[in-house]
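# Descriptive structure summary
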Amino acid sequence: MNINYIKKDKQLIVEITEDIDHHIAEKIRRKVDDEITRYMPRKTIFDFGRVTFMDSAGIGMIIGRYKMMKLIGGSLEIVNVSTTTKKILEMSGINKIIPMENKMEVG
């Protein structure tokens, strides 16, 4: 699993480079929690540009990071969401609490 982190202007951008299932969600959770704790960003942005599939474990992972960011006074955003993944996020209701942007240039 490869996750790219970009730290810029008190933002932590997390580029997820593969589909998110139970096993991957747990690995992402641990690594992102470590980065948030270390960097203390004002905003964490998940870049889903390479994610074509996500199950309920991915939804749980996102909600957990959303709660963590709220605890430290920050926010969470999701960008570059594929049509399929967007439908899953909308069905879960995440789009009502976490902003989703269609496009963002990372880097």
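Described below are features of the structure shown in this document. (Residues numbered from 1 in each chain as written. Predicted model: local features only at pLDDT ≥ 70, side-chain atom pairs only at ≥ 80, totals over all residues. Heavy atoms only, no water.)

### Describing the nonpolar core
As a rule of thumb, nonpolar side chains are buried together in soluble globular proteins. Residues Ile20, Ile28, Phe46, Phe48 and Ile62 are the most contacted members of the largest nonpolar core, which totals 27 residues. Of all the secondary structure elements, the ones that give two or more residues to this core are β2 (11–16), α1 (22–39), α2 (56–71), β4 (75–79) and α3 (83–92). Once you skip the residues sitting within four places of it in the chain, isoleucine 20 turns out to touch Ala25, Ile28, Phe48, Val51, Phe53, Met54, Asp55, Gly58 and Met61. (Core = buried A, V, L, I, M, F, W, Y, C linked by side-chain atoms within 4.5 Å. Buried < 20%, exposed > 50% of the residue type's maximum accessible area, 1.4 Å probe, protein only. Helix = DSSP H or I, 4+ residues; strand = E, 2+ residues; numbered from the N terminus. Contact = heavy atoms within 4.5 Å.)

### Focus on unusual backbone geometry
One non-glycine residue, methionine 40, lies in positive phi territory at about 50°. Locating methionine 40 in the fold gives a position in the loop between α1 and β3 (43–47). We classify methionine 40 as partly exposed; its relative accessible area is 42%. The phi dihedral of asparagine 80 is positive, around 55°, even though this residue is not glycine. With respect to the helices, strands and loops of the structure, asparagine 80 is situated in the loop between β4 and α3. Assessed through its relative accessible area of 17%, asparagine 80 is described here as buried.

### Section: the sheet that holds strand β1 (residues 3–8)
Taken in spatial order, the 5 strands make up an open sheet running β1-β2-β3-β4-β5, and their pairing is mixed. The open sheet has two edge strands, β1 and β5 (100–101), and neither has a second partner. The sheet contact formed by β2 and β3 spans 5 bridges and is parallel. Looking at β3, one finds that glutamine 11 is bridged to lysine 43. Set on the sheet, α1 makes contact with β1, β2 and β3; between it and β1 the angle comes to about 15°. (Pairing = 2+ DSSP bridges. Axes fitted to C-alpha atoms, helices over the stretch in contact; angles between N-to-C directions.)

### Quick notes on the pairing of β1
Two elements, β1 and β2, share 6 bridges in a ladder whose sense is antiparallel. Looking at the pairing, lysine 8 lines up with glutamine 11 of β2. Linking two consecutive strands that pair antiparallel, namely β1 and β2, is a turn of 2 residues; a positive phi of about 55° is found at aspartate 9 within it.

That is the geometry; function is a separate question.
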